[in-house]
Amino acid sequence: MTSTKAAALNKPAVRIVSTYERMKRNGIYRVLSLIFGCITLVIVKLVQRAGSASNPAQARREELHKAFVEKGELAALKAEAEAHLRRKNQFFNKHMSDEELRREAEKTALLALEDKVNAQLELEGVDTRKTSGFQDTFIALLSKAPFFVFSLIVSFPMYILVLIYMMPYLKYTVDRLAMLVFVVLGVIILVFSILFISPSDPALNILGEKATPEQVANFREVYGLDKPYLSQAFDTVKRIATFDLGRSYVGNENIGEAIARKFPVTMQLAIVSMALALFVGLLVGIISAIRQYSAFDYTSMFVVLVALSIPNFWLGLVMVLNFSIKTGWLPSIYQVGNWQSMIMPAIVLGTGMAAGIARMTRSSMLEVRSSDYVMTAKAKGLSERSVTFRHILSNALIPIITMAGMQFGGIMGGSPTTEKVFSISGIGIYIVDKEFLPDVPAVVASVVYVSLTISLANLLVDILYTFVDPRIKTRLKNY
Amino acid sequence: MKTSEYQKRMNKVKLSGFVEYKNLTFSMGATIMVGFIFLIFGYDFIAKTVSLGMIAVGGLYLLTALYMYLVLRRARREILTTGDIGETTRRMGWPMTFFIFLTNFFGTIGGLSLVGRKKCIEFQLCIFMLVNTMMVMLVSALNIFKPQIPRNFWLGMGLLALVEVFYIVVTVMVVKYTDEKNIDPRLKVLLIPLVITTLTGNFFALILAVTMFKRLYQKNKEISIEWIEIMRRLFRNYMAVIGLLVVIFLLSISICSYLTFDYAVSVENNYEALFQSPSLAYPFGTDNFGRCVFSRIVFGARISLVVGMTAIAIPLVLGGLLGALAGYYAKVVDNVIMRVLDVFYAIPSILLAIAIIAAFGASTATLVMAISVYNIPVFARLVRATVLSVSHSEYIEAARACGATNPIIIFKHIIPNSLAPVIVRATLEIGIAVLSTSSLSYLGIGIPSHIPEWGNILRAGSSYLEGYPYMAIFPGLAIILIVLAFNFFGDGLRDALDPKMK
């Protein structure tokens, strides 16, 4: 009964321990596993110590080592190594202090001695393979159910780490998420510090020039502005970490709610303009890549460059002038729920993105087109259409998707100029409005929200790849 | 007669040997394009009205294009039959050189290269140098129609005319005394005056001086000069050179405007001339304070260029240094620097700029700082990647194997080889910095609003979009022009500096 159970546990134990050994090579994971698994690891180490004393091979090895040293072999080896080193230094004109020379010689001598001991051991028929006693002991202990359960309870965080490490996709995601947390932390501290060292004082700006010193002091106390830098920074980080974005200085409104109100508007606009940009950009890019150096290629690339150089607020103004003021076809101000009012902002936001996508599609497709596997595909007689779409386009999509992901994140973060032209109450113009005071909690919270959105969009795209692209998949297998 | 595929290709090879022919083709193409743009915008599709001025300009452009087409056809026939462009055809280039007075500077470029009969890079530079100063003079000359001519106007115009005459002399000498292979040592006298005239902002003169200097003081005639090779490759790309011409033109006009333009017209209120439509006295009209929009745009070029260039130069040095450190020292230093910069990179550029401006108040210095800060990670990443790839390449290993010391490897191999992508990126980033500057000014948090800057002019114009649209349209066109110029020039520079293109 017990033996079958031990056998059943042996396999996972081996997997766990081998993963643990791999994990030890990775700096942060090593430190974390040492902290989280200290109780289990200490017990294993103790058991190994107790066991190694009774190991006959180890005992024989130590015996031989002692014998060789007593015979004066070590001293002879050391002298030889020293002489060798001196000759070498002389030849290369290298200077070395005596102390250094001796240390170096000793190291060489010890290695040589070990070789000798090993040779002797092999003659005697003793197994000289170096096995980590620790690893074996760990496996043996884990195969026993009571210890397994015990260590699982005592150091479960370590086992979670091991579990993460076992699955490459999960590990990749967790790594990226951990990095994201640090970046967001950095963003909070950075933006807060910039606003903290600002010479302009929100208290005076809000209360006005005529405010009495008591009023100013009171304001500062209410918002914690009288505290030192570190304590204020810590408070800000703590607040945002607990998803409490705080209240703005002006109007005392809940910042979290204010941002949440702007979210659906921005999201809707982002999706429409992205769809537009993807459609136009991919179409233009593909055609110019297929017909490289044609009139269409030249014209469209010229137009793309122009589109990249147009300031989007100017494009917005010109569109308003032509389609709202002169003809009255479209409303010039964005209203929630009115699809007609969304056309112009979507086109304005989409133009730059479409241009970027078209350029990227063209260059990426041209790059893939000159690769060997496309030549192979053509050589085996595939039709032009199937080569273009199945082989070239699908392989060229990766940088395009990256770019589109970044652009999408970019619009989700709001674009203050376009929002101003069309009077959209988005996140971008919200930050601009708040920055004059400066309304520190509002600005910090919105900038953090925007950076988080963009980073998450990028992360999502990167994770999507790992499922789509076989090349990344194999690379991750060895992650 | 049907020409075979082979014949066609042979013709192409023959024609490609003639820079004049290529210049002329591109000039004609550009002229036709501009002509059509004028024609299209001359007709208001919504109001169904025709603007006579625009149609006239467009028609004029198309007429000049027709003339160019006829000359082009003649030249083509002569090249294909006799192998050279005939004397009469070359003389037909003379009228073309005066097209600049009809605002068509493309024609002048094509005409001059036809008349000059030289293919060397020096002559190409001369053409653009001449055209640039001529354009500055013509644009400045518009001030004659102002009710009050600027105080130093005639002094400035006189100086410019002197410089232009000197350039003509230089061009004639270049045509007479140089060709592809040889250069007359007597041309040395031109070098210093050429460098001095660069003070007018005409950097073509500087490039020409450097090129001539390199050839005059060349020791071994067999070795090709890298600088000249790069210039040659750059000048093969017509759009890139036009981009360079626009950038240098804006630089020149922002320098020359100290003399030939009146700053007061662009900042002081003039209640007698509120909201005037475009006319000869006020080419782009006047704004809500009676200020001349044209002068404001000319003075805005100065600010845009200065802000754009400093806001790229600072991160180029700082970010480059950080990136080089990270790339060179790897491991811990690399990790620390890059993770800190990741934080800066995570915040969208415009929001980081807004946060910095929020902290230190809206002023030009803050704006430069804000744009610089968010460009630091851009350059750091680029330099790091380049240094990493260069320092792992075979030729560095070879240099090390030959016994080169670290300083020699860094200064002779790593830096020169990492420079090209950085220069190209910097050129493209200047355009983006100009865009950001005007965006921030449009939001009211960039350059203080009384200073004539393109974003500010646009912001003022956007309030009067209904009645006086020209106030918002022209500064926008100026922004597009400068950004487009930097984009074209940057793209051309990338091709010219790419060692694979050799």
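Note that the coordinates shown come from a computational prediction; the quantities given were computed from them, not determined experimentally.

**Side note on the overall build of chain B**
Inference 1: Across its full length, chain B holds 21 helices and 2 strands.
Inference 2: For a compact globule of 502 residues, the expected C-alpha radius of gyration is about 23 Å, and chain B comes in at 25 Å, within 12% of that figure.
Inference 3: Along the first, second and third principal axes, the C-alpha set of chain B runs to 70 × 65 × 50 Å.
Inference 4: Expressed as a percentage of contacts within chain B between residues at least 6 apart in sequence, the contacts between residues at least 24 apart total 70%.
Inference 5: As displayed, chain B has an accessible area near 23300 Å², and 68% of this comes from carbon and sulfur atoms.
Inference 6: Here chain B contributes 43 positively and 28 negatively charged side chains, and the mean placements of these two sets differ by 6 Å.

**Some remarks on the overall build of chain A**
Inference 1: Helix and strand content of chain A: 23 helices and 0 strands.
Inference 2: Compactness check: chain A gives a C-alpha radius of gyration of 34 Å against a globular reference of 23 Å for 479 residues, more than 25% above the reference.
Inference 3: C-alpha atoms of chain A, sized along the principal axes, occupy 105 × 80 × 70 Å.
Inference 4: Taken over 479 residues, chain A has a buried fraction of 42%.
Inference 5: For chain A, the share of sequence-separated contacts (at least 6 apart) that also reach a separation of at least 24 residues comes to 72%.
Inference 6: Accessible area of chain A: about 26800 Å², with a carbon and sulfur share of 64%.

**What to know about the pattern of salt bridges**
Inference 1: Under the criterion given, the structure shown has 22 salt bridges over all chains.
Inference 2: Residues arginine 90 of chain B and aspartate 84 of chain B are paired through a salt bridge, measuring 3.9 Å at the closest nitrogen-oxygen approach.
Inference 3: Between aspartate 334 of chain B and arginine 384 of chain B there is a salt bridge; the shortest N-O distance is 2.8 Å. Of this pair, aspartate 334 of chain B sits in helix H15 (residues 331-346) while arginine 384 of chain B sits in helix H17 (residues 364-391); the two residues are 50 residues apart in sequence, bridging distant segments of the chain.
Inference 4: A relative accessible area of 12% means that aspartate 334 of chain B is categorised as buried.
Inference 5: The structure contains a network of salt bridges with shared partners spanning Glu253, Arg261 and Lys434 of chain A.

**Quick word on the interface of chain A and chain B**
Inference 1: Contacts between the two partners involve 44 residues from chain A, matched on the other side by 45 residues from chain B.
Inference 2: When residues of chain A are sorted by the area they lose upon contact with chain B, Ser309, Phe313 and Trp314 of chain A head the list and together hold 16% of the total.
Inference 3: Counting across the interface, chain A meets chain B through 1 salt bridge.
Inference 4: With a shortest N-O distance of 2.6 Å, arginine 359 of chain A and aspartate 491 of chain B are connected by a salt bridge.
Inference 5: The tally of links between chain A and chain B comes to 5 residue pairs in polar contact (both at pLDDT 80 or more).
Inference 6: Elements with a contribution of two residues or more to the side of chain A that touches chain B: helix H10 (168-196), helix H15 (295-309), helix H16 (312-326), helix H20 (416-421), helix H21 (427-435) and helix H22 (440-468) of chain A.
Inference 7: Considering each element in turn, the side of chain A that touches chain B owes the most residues, 8 residues, to H16 of chain A.
Inference 8: Looking at the side of chain A that touches chain B residue by residue, the class counts come to 30 nonpolar, 10 polar and 4 charged.

**Details of the side chain of threonine 198 of chain B**
Residue and element names in this part refer to chain B.
Inference 1: Along the polypeptide, threonine 198 turns up in the loop between helix H9 (188-197) and helix H10 (203-216).
Inference 2: Take threonine 198: its relative accessible area is 9%, and that puts it in the buried class.
Inference 3: A distance of 3.2 Å separates a polar side-chain atom of threonine 198 from the backbone oxygen of leucine 194.
Inference 4: Among the polar contacts listed, one links the side chain of threonine 198 to the backbone oxygen of valine 195, at a separation of 3.0 Å.

**So, the packing of aromatic side chains**
Residues and elements named next belong to chain B.
Inference 1: Tallied over the entire structure, the rule returns 24 aromatic pairs over all chains.
Inference 2: Seen in terms of ring centroids, tyrosine 67 and phenylalanine 99 are 6.1 Å apart; in terms of plane orientation they differ by 75°. Their pairing is edge-to-face. Taken together, the residues tyrosine 67 in helix H3 (residues 52-82) and phenylalanine 99 in the loop between helix H5 (93-97) and helix H6 (105-116) connect sequence positions 32 residues apart.
Inference 3: Looking at tyrosine 67, the relative accessible area reads 25%, which means it is partly exposed.
Inference 4: Since its relative accessible area comes to 9%, phenylalanine 99 is described here as buried.

**Considerations on the environment of glutamate 21 of chain A**
All names here are of chain A.
Inference 1: Mapped onto the elements of the fold, glutamate 21 is located in helix H1 (residues 2-23).
Inference 2: According to the relative accessible area criterion, glutamate 21 is buried, its value standing at 19%.
Inference 3: Among all residues touching glutamate 21, those that are not within four sequence positions of it are Phe134 and Gln135.

**Let's talk about the packing of helix H19 (residues 384-412) of chain A against H22 of chain A**
Residue and element names in this part refer to chain A.
Inference 1: Running from N to C, H19 and H22 cross one another at 160°; their axes reach a closest spacing of 8 Å. Here H19 is positioned roughly antiparallel relative to H22, judged by the angle of their axes. The crossing of H19 and H22 is right-handed. In this structure, H19 uses Ile398, Ile401, Thr402, Gly405, Met406, Gly409, Gly410 and Met412 to contact H22, whose residues at the interface are Tyr449, Thr453, Ile454, Ala457, Asn458, Val461 and Tyr465.
Inference 2: Residue composition of the contact of H19 with H22, by class: 9 nonpolar, 6 polar and no charged.

**Examining the confidence of the model for chain A**
Inference 1: Here chain A shows a mean pLDDT of 82. Residues at 70 or above account for 94%.
Inference 2: For chain A, the element scoring lowest by mean pLDDT is H1 of chain A, at 69; helix H17 (residues 340-369) of chain A scores highest, at 92.

Thresholds applied
Residues numbered from 1 in each chain as written. Chains lettered and ligands numbered in written order. Predicted model: local features only at pLDDT ≥ 70, side-chain atom pairs only at ≥ 80, totals over all residues. Heavy atoms only, no water. Helix = DSSP H or I, 4+ residues; strand = E, 2+ residues; numbered from the N terminus. Rg over C-alpha atoms; globule rule 2.2 N^0.38 Å. Contact = heavy atoms within 4.5 Å. Areas by Shrake-Rupley, 256 points an atom, 1.4 Å probe, with all protein chains shown as cover. Lys, Arg positive; Asp, Glu negative; His and termini not counted. Charge placed at Lys NZ, Arg CZ, Asp CG, Glu CD. Buried < 20%, exposed > 50% of the residue type's maximum accessible area, 1.4 Å probe, protein only. Salt bridge = Lys/Arg side-chain N within 4 Å of Asp/Glu carboxyl O. Buried area = accessible area lost by both parts, 1.4 Å probe. Polar contact = N/O pair within 3.5 Å; in protein donor to acceptor, adjacent residues only side chain to side chain. Nonpolar A, V, L, I, M, F, W, Y, C, P; charged D, E, K, R; others polar. Phe/Tyr/Trp six-rings, centres within 6.5 Å; stacked < 30°, edge-to-face > 60°. Axes fitted to C-alpha atoms, helices over the stretch in contact; angles between N-to-C directions. Parallel < 35°, antiparallel > 145°, perpendicular 65-115°, else oblique. Left-handed = near helix turned anticlockwise from the far one by under 90°. pLDDT = per-residue confidence, 0-100.

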